[in-house]
Structures are given as structure tokens and as C-alpha cells.
Amino acid sequence: MSASVAVYRDIYTEDRFRQTYGTEDQSRGRERLRDRLAQRCSCSQVDCLHLLKKRLPVCSWLPKYKIKKWLLGDIIAGLTVGIVHIPQGTFAVLSLMTGSVVEQLVPIPLGLNSSSPEGAELEAQRIGVASAVAFLSGIMMLCMCGLQLGFLSTYLSEPIVKAFTSAAAFHVTVSQLQSMLGLRLPRYAGVFSLFKTLASVIENVPHTNLAELVISLLCLAVLVPVKEVNSHFRERLSTPIPMEIITVIIATGITYAFSLDSKYDIQIVGHIPAGFPEPRLPALETVPEIAGDTVAITLVAYAVSVSLAMIYADKHGYSIDPNQELLAHGISNTVSSLFTCFPNSATLATTNILESAGGHTQLAGLFTSLVVLIVLLLIGPLFYFLPKAVLACINVTSLRQMFLLFQDLPDLWRISKIDFMVWLVTWLSVVVLNVDLGLAIGVVFSMMTVICRTQRASCSVLGRAANTEIYRSINNHNKCYEVPGVKILTYNGPIYYGNRSFFKADVAQLLGLTPERIRSQEKALKAIEKREREAISSVEQGVTDSSFSSKNVLFRSEMAEGEVQAVLIDCSSVIFVDVAGARLFIQMCMECQKIGVRIYLANCNESVLKILTSSGLMNYMNPQHIFVTIHDAVVYIQQQREKPPENNTTVWV
């Protein structure tokens, strides 16, 4: 036996529903607002503890740290990332953007000896400019955090994030090709930089250092299979095989033992400055000149960091706070700029290395920092003979997951072709143009798809499923039938200045409201009213004309049966209405009145109803024609047609 539902209640207009069940008055609303503000401004031990955990996440996860399960993975991952960090910059694209700013302000003259006093002075100026970029970027991020602009990350939809990171991985991979082939080529930045780099690499392939090519092939032959083993047997391995550390140690030892750098001209890391840098102010006098470029650098750094955070949060089932990301990167950039550092962000390669090497928590970052600190203070010379080709191979193989994002495309095409186009446009823009410009194009294109979807939202006719209060589109459900004399319309989107003309055209088409029909119906209605007045006049004069009366009644009944007498608009999917949309409702009411059709509304949310009421719509339609549900309105309309209105109208389903 199937379950059933039986309902017997009064018909509810919006006004009657409020009178019956009540609404929050303005004074109560103000009191609740005051209470919320007072709660926000209050300071208690609980509030302080909550703020501390929110701004210092370590206070939340450290007490729950699982030493036996996580510590070994964090140590290995931290050591691996630390070793990779020693000779590298953070994010290759961000480094290129910063280098471009430095080159514009402090170019290096041709033939200048870097070891000369003039060269040392010029290098100090370049470091000052790079530090100034980091300082200004940090200040911008802190300001964005203070203004709570972390919500901007919501415009980075999932297709944008995945396409952006995948395309950025291509930039990183191409930038590593010259190190893998042993080529010494200039770095390119700006539009078409990827293709410029590729063209330069292809042009110089004949000059490939065969020794470095062999080293690269051997590293790839070892790293790729081990990565696959770590991926496939992750559940069985207590910690992933630390092949990156093993490769670095072996490659450094072989290069030193056989003097590969001098025999085969292999590029090695070379001298690493020892000691901790002394704090000093960046070149703040250059701030006006670098401000424009720093805005782009800041946005790219934030976009990369938040995108990676979103990907791994989704993968491992936790959430992130975008404003906290701004605060962390803002402090990091501001403080590090005082120690001759350039802008930093999360990076594709090292993030993937950290995750694939078994990192579980932020404690891995502590071990990474310790490695870099120890290298700076003590053991930097031990990495003197580390081949750059090995580091390039580690970076490239760590990007495996970013390239696997292409596997999502078939499913994305099947689920949403619009999201597929967002993914494709973003990816092509980032690859073909540049990271910052490509990201901007992806976001704008994604926003345009949203605007276009709201502009061309569907307007359809609803029908009632027999013996139910359920109403569905008659185009999609062949057993839903229109209510006689009532046209029920639903619109799946907001009604605002951008789509009001489309909404009006759809309604006019569904109702057949052509100018010719409006004029003819208006004439017919006036004719009926004239005959009614003549009939009343004849009755007052004591004259009866049964034939005239019957003809008049017949004319009105034919109009009632052949034409729509009521239009009911379901507003359940109308999330908001602006002034232009409200005026369109007034215009529709006036046009429908001309042809003797009444407008009814149902399922209006509070904000929509407030705007419609404030715009003066109630001057053109009866406030009692706004109902809580579609079925309330339909039953009311049917009862009005069958008999005079009664006070105890009810709904029976």
C-alpha cells in the first residue's frame, strides 16, 4: 500500500498567512540586530579562545596530532621540500613576474662584471626592488584581509581552479626544460611567454648537454615509477618512499666523486650564501613605480595559493578560510621582505611533493624551514655539487596530479557543457597568454556565463498533476494538464534590468499578448461594458429584452471559455527583483487589465515581495491576489469562477 497525503485547510494569501502565523515586527528585528552586535563586540574567555584558534590554526590541530601515524610522513615530506627549496625560487611564474618588474626598474648593462663594485651595487638595488614588491604585496594582502575580501575566492569556480592550476603546471614544466637539457637560455615573461620559451628551447636543442640529458632521463626513469608505486600502494605503505631525498643524495655524491661539473660542464647549484641575512628596509622609494605590477603579482599569488588549498581541501575533506590565507601570506610577505626576500606563494611543484611524500599537517612546514635554516647556517656547501637537472626532474614529476586534471573533462562535458567551456577557455588563456591575464579572462568568462544564464532563464507553463496539488512544466510532464482559464507561468531566474525584455517577450509569447490582440480584446471588453450599461439602463426604465440579455450572457461566456481569464506567476525561482523588474510587473498588470485578465502571484520570497510592494504594484493589482502557494491561488480562482467569494474558502487535496 502506497503512502498518501490528505490536507484540509484554509486558502492563504500572503496577508492572511501573516495575520495567522505572525511576522517579526521591526522593533523585534532591531532588538535582534542589537543583540547580534553586542555579541560581536563582547569579549569573553570563550571568544578569545575561539579567535586564537581561528587565527592560529596550530592551536586547533596540534593537540589532536597523531604522532605515530603522521610524524614520520611530516618529517620526510618536510625534508624533501626543504632540499628542493634550497636552490629554487617559490613559484616559477611568480618569480618571472617579479623578475620582470626588477628588470624594468634596474636593468643590467651588457658586459657588466657582477663581481665588480658597480655590479655589487646594482645587485643590491635589484634585491631592494624585489623586496619592495614583496613588502607591498604583503601590505595589500593584509588590507584585503582587514576588509574581509577573502570572499573574492568564491569567484574561482571549480573549473577555473582546476584549469588554472593545470595550465600553470605547463608553464612550470616548460620553464624546467632548459635545466633538464643543460641549456643556458634567457627567461621570458609576459604574453606568449610559454611559446617564446618553447621556441628558444627547440632552437637550441642541438646544443643540448648530453650528460645532463642522461641525468634527467635516469632521474625520470627512477622518480616516475616510484611515484606510481607510492600512489597505488598509499594505504599499505606507512610512509611513501622518499625517492626525492635519495635521488638528491646519490646525484650530489656522484657529481662530486667524478667531477661531472668540470668534465661535462654540468650546471650545479654552486655556492649557497651562508649565514642569516641581516634585516633591512626594502627600496620603499620605488613603491609608486611598482604598485601596478604588484597588484597583478598579489592577485596571482593569492589565486594560486587559494586554488591549491581548495584542491587539496576537496581531496582530503576539510575546509579553508580564504581570509586566513590572506592573513598568513600577508604576514609572510611583509616580514620576509625585511630579510631581502621576494614575493612568495604556494607553489604547484612543492605542494605536490609535500602531499605525495606523505605530509599530513603543517608540521611538515616546520621541518622544511629547519632544513633551509640549517643549510643557510651550516651545511650549505654540501649541496654545492647538486645538479640543477635533478631538481628540475623532481619539480616536473611532482606535477603529475596537475596534468591528471584533464581526466575530469569527459565528465564535465557530460554534466555541464558551460562549465566545460569555462575550463577550456581558462586553460587556453593561461597557456597561450599568461598566468595573470589568463586568470582574469577565465573569471570574466565565467561571470559572463552566469549573466547569460540569468538573462536567458526559461519561462514555462505549469500544469497540475491530476488529483494532486503538484504543478510541473507541461513540456516535461505529459500527464500534467493546464487548469482551464488559468495560465500558470514560472520563471527560473531573477527579474532585473538585464533580462526584463527577455522575460516580457517570453510571457507575451506564452499568453499571445500581441499588440493586435490587446487592441481587439480591449475593444471587445469595452463593447461588453457598453451593453451591460445599456441593459442596466433598460431595466431601470422597466424595459425587458430577453433576447438581448441572452445574447449578452452568451457573449461573456464565450469569452470566458475561449480565453485565459487569469495569469498566475510562480515566483518560487525568482530570487530577486530590481526596480526595472518591478516596473515590468506593473506594465504587465496594466496590459492584462486592458483585455480583462487578472494577475496573481504565488511563492514570493520576502525580498521580492517587499520590492514589488514598495514599487507601487498594489495600486494595479489586488493585494489579496498574492498567495502562499500555487494551489492556494488556483483553488481561489476556481471558486471565484464557480460562486461568489466566501469568507471560509478552503483547500482540499
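Residues numbered from 1 in each chain as written. Predicted model: local features only at pLDDT ≥ 70, side-chain atom pairs only at ≥ 80, totals over all residues. Heavy atoms only, no water.

- The name an unreviewed UniProt entry assigns to the chain is Solute carrier family 26 member 10, from the organism Cyprinus carpio.
- The record in UniProt for the chain states the following under Subcellular location (unreviewed entry): "Membrane". (UniProt positions renumbered as here; feature names shortened; annotations may be inferred.)

### Thoughts on the overall build of the chain
Part 1 of the argument: A tally of helices and strands in the chain yields 27 helices and nine strands.
Part 2 of the argument: Buried positions account for 42% of the 653 residues belonging to the chain. (Helix = DSSP H or I, 4+ residues; strand = E, 2+ residues; numbered from the N terminus. Buried < 20%, exposed > 50% of the residue type's maximum accessible area, 1.4 Å probe, protein only.)

### Some details on the confidence of the model for the chain
Part 1 of the argument: Residues with a pLDDT of 70 or more make up 86% of the chain, whose mean pLDDT is 82.
Part 2 of the argument: When mean pLDDT is taken per element in the chain, helix α20 (residues 417-432) scores highest with 93 and helix α24 (residues 546-562) scores lowest with 44.
Part 3 of the argument: Scored below 50 in pLDDT, residues 543-560 makes 15 contacts in the model with residues more than four places away or belonging to other chains. (pLDDT = per-residue confidence, 0-100. Contact = heavy atoms within 4.5 Å.)

### Comments concerning the nonpolar core
Part 1 of the argument: Grouped together as the largest cluster of nonpolar side chains are 57 residues, with contacts concentrated most on F91, F164, I290, L308, L348, L399 and M402.
Part 2 of the argument: Ranked by residue count, the leading element in this core is helix α13 (residues 287-316), at 11 residues.
Part 3 of the argument: Not counting chain neighbours up to four residues away, the residues in contact with L399 comprise A169, V172, T173, L348, A349 and N352.
Part 4 of the argument: Counting 34 residues, the second-largest nonpolar core is a separate cluster that includes A457, C459, V608 and M621. (Core = buried A, V, L, I, M, F, W, Y, C linked by side-chain atoms within 4.5 Å.)

### Overview of the UniProt feature "transmembrane region" (unreviewed entry) in the chain
Part 1 of the argument: The UniProt record marks residues 70-87, 127-152, 238-258, 294-313, 363-383 and 418-451 with the feature "transmembrane region" (unreviewed entry), using the residue numbering of this structure.
Part 2 of the argument: Each end of residues 294-313 is marked by a C-alpha atom, and these two atoms are 28 Å apart; helix forms 100% of the span and strand 0%.

### What to know about empty space enclosed by the protein
Part 1 of the argument: Inspection of every chain in the model, using the stated rule, returns two cavities of 30 Å³ or more.
Part 2 of the argument: Taken as a whole, the largest cavity spans an internal volume of roughly 160 Å³.
Part 3 of the argument: Surrounding the largest cavity, 16 residues form its lining, L96, S175, Y188, S193 and T197 being those nearest its centre.
Part 4 of the argument: At the level of secondary structure, the elements contributing two or more residues to the lining of the largest cavity comprise α6 (92-105), α8 (158-181) and α9 (193-203).
Part 5 of the argument: The biggest single contributor to the lining of the largest cavity is α8, with four residues.
Part 6 of the argument: Across the lining of the largest cavity, the residue classes break down as eight nonpolar, seven polar and one charged.
Part 7 of the argument: Taken together, I127, G128, S131, R280, L281, P282, S337 and T340 make up the full set of residues lining the second largest cavity. (1 Å grid on protein atoms, 1.4 Å probe; cavity = no way out; pocket = protein on both sides within 12 Å on 5 of 7 lines; lining within 4 Å. Points joined across faces, edges and corners; volume = space filled by probe spheres on them. Nonpolar A, V, L, I, M, F, W, Y, C, P; charged D, E, K, R; others polar.)

### Details of a nonpolar patch on the surface
Part 1 of the argument: On the surface, F276, L366, L370, L373, I374, L377, L378, I379 and L382 cluster together into a nonpolar patch covering about 830 Å² of accessible area.
Part 2 of the argument: The residue L378 is located in helix α16 (residues 363-379) in this model.
Part 3 of the argument: Since its relative accessible area comes to 64%, L378 is described here as exposed. (Patch = residues over 30% accessible without salt bridge, like charges linked within 9 Å, V, L, I, M, F, W, Y side chains within 5 Å. Areas by Shrake-Rupley, 256 points an atom, 1.4 Å probe, with all protein chains shown as cover. Salt bridge = Lys/Arg side-chain N within 4 Å of Asp/Glu carboxyl O.)

### Some details on the state of the cysteines
Part 1 of the argument: In total, this model carries zero disulfides according to the counting rule given.
Part 2 of the argument: Not part of a disulfide, C571 finds its nearest cysteine sulfur in C604, a span of 3.7 Å. (Disulfide = S-S within 2.5 Å.)

### Some details on the packing of aromatic side chains
Part 1 of the argument: The full count for this structure, using the stated rule, is 20 aromatic pairs.
Part 2 of the argument: Considering the side-chain rings of Y12 and F17, the 5.7 Å spacing of their centres and the 90 degrees angle between planes classify their relative orientation as edge-to-face.
Part 3 of the argument: Of the residues examined, Y12 reaches a relative accessible area of 11% and is grouped as buried.
Part 4 of the argument: Considering the side-chain rings of F503 and F585, the 6.3 Å spacing of their centres and the 40 degrees angle between planes classify their relative orientation as tilted. Of this pair, F503 sits in helix α22 (residues 500-511) while F585 is found in helix α25 (residues 579-594), placing the two residues 82 residues apart along the sequence. (Phe/Tyr/Trp six-rings, centres within 6.5 Å; stacked < 30°, edge-to-face > 60°.)

### Some details on unusual backbone geometry
Part 1 of the argument: We note that Q148 has phi near 55 degrees; this positive angle belongs to a residue other than glycine.
Part 2 of the argument: Inspection of the secondary structure assignment puts Q148 in the loop between α7 (117-146) and α8.
Part 3 of the argument: You will see that D265, though not glycine, has its phi angle at about 55 degrees, which is positive.
Part 4 of the argument: Checked against the element boundaries, D265 lands in the loop between α12 (260-263) and α13.

### Some points on the packing of helix α5 (residues 67-85) against α16
Part 1 of the argument: Packing of α5 against α16 brings their axes to within 7 Å, and their N-to-C directions diverge by 40 degrees. By the angle between their directions, the pair α5 and α16 is classed as oblique. Of the two elements, α5 crosses α16, and the hand of that crossing is right-handed. Listed contacts from α16 to L71, D74, I75, G78, L79, V81, G82, I83 and H85 of α5 are L363, A364, F367, T368, V371 and V372.
Part 2 of the argument: Class assignment for the residues of the contact of α5 with α16 results in 10 nonpolar, four polar and one charged. (Axes fitted to C-alpha atoms, helices over the stretch in contact; angles between N-to-C directions. Parallel < 35°, antiparallel > 145°, perpendicular 65-115°, else oblique. Left-handed = near helix turned anticlockwise from the far one by under 90°.)

### Considering helix α27 (residues 630-642)
Part 1 of the argument: Between its first and last C-alpha atoms α27 spans 19 Å; for 13 residues at 1.5 Å apiece the expected length is 18 Å, and the two agree.
Part 2 of the argument: Among the residues of α27, I630, H631, D632, A633, V634, V635, Y636, I637 and Q639 are the ones counted as buried. (Expected span 1.5 Å × (residues − 1).)

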